[in-house]
Amino acid sequence: MNDGASYLELSRRYGFAPKPESASRLTQLVSRQDADLDEIAKVINKDPSLRARLLRVANPEAENEAEYAVETVEDALMRNGMGCVLVLAMSTPLAQALIKTFQTMLSLKIETVDPRTAAPLAGEQLVCNIDFTGKVVGHVLLRMSAEAGRLIAAGILGLPPKEMQDMNEVRDVAGELLNIMTGNFKSNLCDAGLECKLSPPDVRSTGDFMPSGARAGSVEHMAFHHGNIQIFVDVTANPWSDD
Amino acid sequence: MATKILSVDDSRTIRMIVGRTFKPYNCQIVEAGNGEEGLAAAAREQPDLIILDVTMPVMDGVTMLGKLKEDPALKTIPVIMLTAESGRENVLQIAKLGVRDYLVKPFKEEQLIEKASRIVTLQKKPAV
């Protein structure tokens, strides 16, 4: 039974890894509906990676920084509001969970790459989706080639890749990969008071994936790469839903 | 006698990983895909240890844990939570219900062995 231990004591007892500080801070700020944009801008400006990502989110049509119409954090926040900050706050633990999953369960170092310069997926691909509803509404979409899915599934299940032919097993692994990622960010959101529920993962194989349109500034596209494995992750989020 | 471990997770992938993790040891692995099946398996099999996920269809892990702890015949079975969710409310609620340990996904097989071996005896199978 719990001996009245605090969350911090339990985190130490169970050996939890610390949560990304800037993402936690951002989520806490966004969870306050009267959050001060200057305060949020300060947090983002202190973290070069967050700043670069915010400007990328705020300039969805630009192919490089020279084409940015929105050039400052303050301008991006004024134009796009809390939606873009929430996307940033959510995608940080998502990206870290994906990288950690590869390190932990596959002993592979997967790296983030600029999604604008990453080669698009060709041929059959696995598309995995998890919706979330509650005080935040949106979805996380993960895509990879069917072959990458097969390699990842073989690695996670400890099988030689040539033995990994059952696509149902490959889809189950892909769904669990997304489950692990979204479970991590859900904890971050709930801790900040943005309670939400996740749908079970929907995983399908398709040869003609068409991205759905999302309002500029409320979607972050991410890409990851290791050898023959390329993974795309899109996060969309809109705060303050009463659903 | 083999150590009996009940793995309750809706993901076949995780159940397979748990099975593989304990394969070098003298363990019998029993599987269930949700909390309802997990409770039935716990009553039927009387496992030495339960490894339990949180988010599952039909009955989630927190509900299963609560029901397990209400049942005099099952409440002493030790439980390790194995989940991607480590949010404050979940962890406090689960700790209050009573778990022996908590492992956040993604995890290394050695971490699960280390936590399990603090609770049950894991005997290596003799090399063939």
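On a predicted model such as this, the values are computed, not experimentally measured, just so you know.

Draft legend 1. Unusual backbone geometry, seen in detail. Residues and elements named next belong to chain B. Residue Lys105 is joined to Pro106 through a cis peptide bond whose omega torsion reads 0 degrees. Located in the positive-phi region is Gln46, a residue other than glycine, with phi close to 45 degrees. In this fold, Gln46 is placed in the loop between α2 (35-45) and β3 (49-52). By C-beta crowding, Gln46 is classed as exposed, having 12 other C-beta atoms within 10 Å.

Draft legend 2. Representation of the interface of chain A and chain B in the model. Facing the 27 residues of chain A at the interface are 27 residues of chain B. Every element with two or more residues in the side of chain A that touches chain B is listed here: α1 (7-14), α6 (82-106), α7 (146-157) and α8 (167-191) of chain A. Examining the composition of the side of chain A that touches chain B, we find that eleven residues originate from one element, α8(A), more than from any other.

Draft legend 3. View of the pairing of strand β2 (residues 27-32) of chain B. All names here are of chain B. Of the pairings in the sheet, the one linking strand β1 (residues 3-8) to β2 comprises six bridges and is parallel in character. If you follow Leu6 over to β2, its bridge partner there is Val30. Handedness of the β1-helix α1 (residues 12-21)-β2 crossover: right-handed.

The rules we used
Residues numbered from 1 in each chain as written. Chains lettered and ligands numbered in written order. Predicted model: local features only at pLDDT ≥ 70, side-chain atom pairs only at ≥ 80, totals over all residues. Helix = DSSP H or I, 4+ residues; strand = E, 2+ residues; numbered from the N terminus. Buried ≥ 20, exposed ≤ 12 C-beta atoms within 10 Å, placed from the backbone. Contact = placed C-beta atoms within 7 Å. Pairing = 2+ DSSP bridges. Right-handed = clockwise from strand over helix to strand, strands pointing away.

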